[in-house]
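The lines below spell out each chain.
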Amino acid sequence: MLIDNHNRKINYLRLAVTDRCNLRCNYCMPSEGIDFVKNDKLLSIKELIQVSRILVDQGIDKIRITGGEPFVRKDLMVLLRELTKMNGLDDISVTTNATLIGPYIDELKQLGIKNINVSLDSINRDTFERITRRNQFDTVHNNLIRLITEGFNVRINFIVLDGQNEQDILPILEVMKHYNVSVRFLEEMPFNGGSKNFASIKWNYKAILEHINKEYPDFEKLESPDTSTSINYKIKGHKGTFGIIPSFSRTFCGSCNRLRVTATGDVITCLYGKPKTNLRDIVRSNSAEENIKSAILTAIGSRAKTGFDAQKEHSTTVFDNSMTSIGG
Ligand code: SAM
Ligand code: SF4
């Protein structure tokens, strides 16, 4: 079992499998001039499987695949097939922009990978295109509805962006009220696709909740697991639920059970801090297993207590790393 220096159990790995993406969401990436890492700096699928197996041995029982866009990696299903065979791994989930998932939906279902988070920041085609800088709304919408109707546990991630999509907060709840889906509104974080700092972010947890409350006063707060980052609610008469993730207010650090490994092998023990070690060279060397285990133990042995503490590792308020390498 992995326990950090603040006595928090770490059992959840967020594994980024690539830094590449076929969209250019304006809060995540600049429109061009992105410095993607060279292919040989990315962990291969074999290495991702090896790292996952070692971490599962150490006590990880939940893995979320993220990126970049996981499905731009043509060999993603090889990794997913291997993960489903791993003893001790109880929960495999994927975060995706749902542009490329279509051809894989049947196999995901067969493999029993049912938890899919879809990032969708607008239900309006033009707004979607402005935010993502790509014309993919119809594909995303079709894949989303297919995932929901095929019985996947779908959560929609909707980042509330000042001046861009706040007009869609209520409509997305209205459109999704007939579906068994959770719509989660996220506070925007100042990663390097955007130019904001924390102080200037208007749509914080409280503002989002108040906005929803004006239209839907009849909602109840739901019980959520301690480790949940979202605070969840159910509107009377709606089939699904909604949640708010206070990404920059950070009320969830006390029970944080997460470890992140980026596509280049960086180990991140707090989303708001800097990488603590890198596994790529270690996994490519002799005694990889022993050395990875020891590097992980050292990293989680010096974890920041809160995201605010970890943030001090950055010199500016706009983080100098990107969500597309960290994976959210
Ligand atoms: N491409 C996939 C997707 O978009 O779902 C997976 C990777 S993406 C980096 C993972 C999550 O990070 C997405 O839900 C995305 O909305 C979120 N994200 C990216 N940039 C963000 C930011 N500046 N603030 C908050 N969340 C962000
Ligand atoms: Fe790509 Fe996801 Fe970032 Fe959008 S949020 S640019 S889909 S990695």
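Refer to the structure presented above.
Residues numbered from 1 in each chain as written. Chains lettered and ligands numbered in written order. Predicted model: local features only at pLDDT ≥ 70, side-chain atom pairs only at ≥ 80, totals over all residues. Heavy atoms only, no water.

### Quick look at the environment of G243
Next up, step 1: Mapped onto the elements, G243 comes out in strand 11 (residues 241–245).
Next up, step 2: You can call G243 buried: its relative accessible area is 0%.
Next up, step 3: Sequence spacing of G243 and N157 is 86 residues, and the spatial spacing of their C-alpha atoms is 9.4 Å.
Next up, step 4: With residues up to four places along the chain from it excluded, the contact list for G243 reads V183, R184, F185, I231 and N232. (Helix = DSSP H or I, 4+ residues; strand = E, 2+ residues; numbered from the N terminus. Buried < 20%, exposed > 50% of the residue type's maximum accessible area, 1.4 Å probe, protein only. Contact = heavy atoms within 4.5 Å.)

### Quick look at the packing of aromatic side chains
Next up, step 1: In the structure shown here, the tally under the stated rule is 7 aromatic pairs.
Next up, step 2: Geometrically, the ring pair formed by F219 and Y233 is edge-to-face, given 5.2 Å between the ring centres and 75 degrees between the ring planes. Note that F219 is positioned in strand 9 (residues 219–221) and Y233 in strand 10 (residues 231–235), a separation of 14 residues in sequence.
Next up, step 3: Following the ring pairs from residue to residue traces out a cluster consisting of F158, F185, F219, Y233 and F242.
Next up, step 4: It is K62 that lies over the ring of Y12; its NZ or CZ is 4.3 Å from the centre. (Phe/Tyr/Trp six-rings, centres within 6.5 Å; stacked < 30°, edge-to-face > 60°. Lys NZ or Arg CZ within 6 Å of the ring centre and 35° of its normal.)

### Let's talk about the site of ligand 2
Next up, step 1: Neighbouring ligand 2 are 9 residues; C21, L23, C25, C28 and N97 lie closest to it.
Next up, step 2: When grouped by side-chain class, the residues that make up the shell around ligand 2 number 6 nonpolar, 3 polar and no charged. (Near = heavy atom within 4 Å. Nonpolar A, V, L, I, M, F, W, Y, C, P; charged D, E, K, R; others polar.)

### Details of the nonpolar core
Next up, step 1: Ranked by size, the top nonpolar core spans 96 residues in total, and within it I65, F185, I212 and F242 carry the most contacts.
Next up, step 2: Ranked by residues supplied to this core, first place goes to helix 1 (residues 45–58) with 7 residues.
Next up, step 3: Sequence-distant contacts of F242, that is, excluding residues within four places in its chain, are made with L173, V183, F185, L209, I212, F219, I231, N232, Y233 and I235. (Core = buried A, V, L, I, M, F, W, Y, C linked by side-chain atoms within 4.5 Å.)

### Quick notes on the state of the cysteines
Next up, step 1: Counted by the stated rule, this structure contains 0 disulfides.
Next up, step 2: Sulfur of C256: no disulfide; nearest cysteine sulfur belongs to C253 and is 6.7 Å away.
Next up, step 3: Using a relative accessible area of 17% as the deciding quantity, one classes C256 as buried. (Disulfide = S-S within 2.5 Å.)

### Section: the sheet that holds strand 10
Next up, step 1: Taken in spatial order, the 12 strands make up an open sheet running 9-10-11-8-7-6-5-4-3-12-13-14, and their pairing is mixed. One side of each edge strand has no neighbouring strand; the edge strands of this open sheet are strand 9 and strand 14 (277–278).
Next up, step 2: Together, strand 6 (115–119) and strand 7 (153–160) form the strand contacts of helix 5 (residues 137–149), whose direction differs from that of strand 7 by roughly 140 degrees. (Pairing = 2+ DSSP bridges. Axes fitted to C-alpha atoms, helices over the stretch in contact; angles between N-to-C directions.)

### Brief notes about helix 5
Next up, step 1: Taking 1.5 Å as the rise per residue, helix 5 with 13 residues should run 18 Å; its terminal C-alpha atoms sit 18 Å apart, in good agreement.
Next up, step 2: Listed as buried for helix 5 are F137, V140, N143, L144, I145, L147 and I148.
Next up, step 3: Packing partners of the buried residues in helix 5 comprise helix 3 (105–111), strand 6, helix 4 (125–132) and strand 7.
Next up, step 4: Following helix 5 by one or two positions, G151 adopts a phi angle in the positive range, close to 90 degrees. (Expected span 1.5 Å × (residues − 1).)

### A word on helix 7 (residues 205–215)
Next up, step 1: For helix 7, the complete set of buried residues consists of Y205, I208, L209 and I212. All buried residues of helix 7 fall inside an arc of 95 degrees around its axis, so they share one side. Along helix 7, exposed side chains directed more than 90 degrees from the buried face belong to K206 and K214.
Next up, step 2: Buried residues along helix 7 sit in contact with strand 7, helix 6 (169–175), strand 8 (182–187), strand 9, strand 10 and strand 11. (Arc of directions from axis to C-beta.)

### A few points about the packing of helix 1 against helix 9 (residues 288–300)
Next up, step 1: The interhelical angle for the contact between helix 1 and helix 9, taken along N-to-C directions, is 60 degrees, at an axis separation of 10 Å. Between helix 1 and helix 9, the interaxial angle falls into the category oblique. In the crossing of helix 1 with helix 9, the sense of the turn from one axis to the other is right-handed. Here Q50, V51, I54, L55, D57 and Q58 of helix 1 come into contact with helix 9, specifically with A288, E289, I292, K293, I296 and L297.
Next up, step 2: By residue class, the composition of the contact of helix 1 with helix 9 is 7 nonpolar, 2 polar and 3 charged. (Parallel < 35°, antiparallel > 145°, perpendicular 65-115°, else oblique. Left-handed = near helix turned anticlockwise from the far one by under 90°.)

### Overview of unusual backbone geometry
Next up, step 1: With phi around 65 degrees, A98 is a residue other than glycine that occupies positive phi space.
Next up, step 2: Its location among the elements puts A98 in the loop between strand 5 (91–96) and helix 3.
Next up, step 3: Residue S287 is not a glycine yet carries a positive backbone phi of 55 degrees.
Next up, step 4: Structurally, the position occupied by S287 is in the loop between helix 8 (280–283) and helix 9.
Next up, step 5: With a relative accessible area of 44%, S287 lands in the partly exposed category.

### A few points about the pattern of salt bridges
Next up, step 1: Per the counting criterion, the structure on display carries 17 salt bridges.
Next up, step 2: For R284, the salt bridge is made with E47, and the minimal N-O distance between the two is 2.8 Å. Remark: E47 occurs in helix 1 and R284 occurs in the loop between helix 8 and helix 9; sequence separation between them is 237 residues.
Next up, step 3: R284 gets classed as partly exposed once you look at its relative accessible area, which sits at 40%.
Next up, step 4: R125 serves as the salt-bridge partner of D138, at 2.7 Å between the closest nitrogen and oxygen. Remark: R125 occurs in helix 4 and D138 occurs in helix 5; sequence separation between them is 13 residues.
Next up, step 5: Residue D138 is classed as partly exposed on the basis of its relative accessible area, which comes to 40%.
Next up, step 6: Taken together, the shared-partner salt bridges in this structure form one network comprising D106, K109, R146 and E150. (Salt bridge = Lys/Arg side-chain N within 4 Å of Asp/Glu carboxyl O.)

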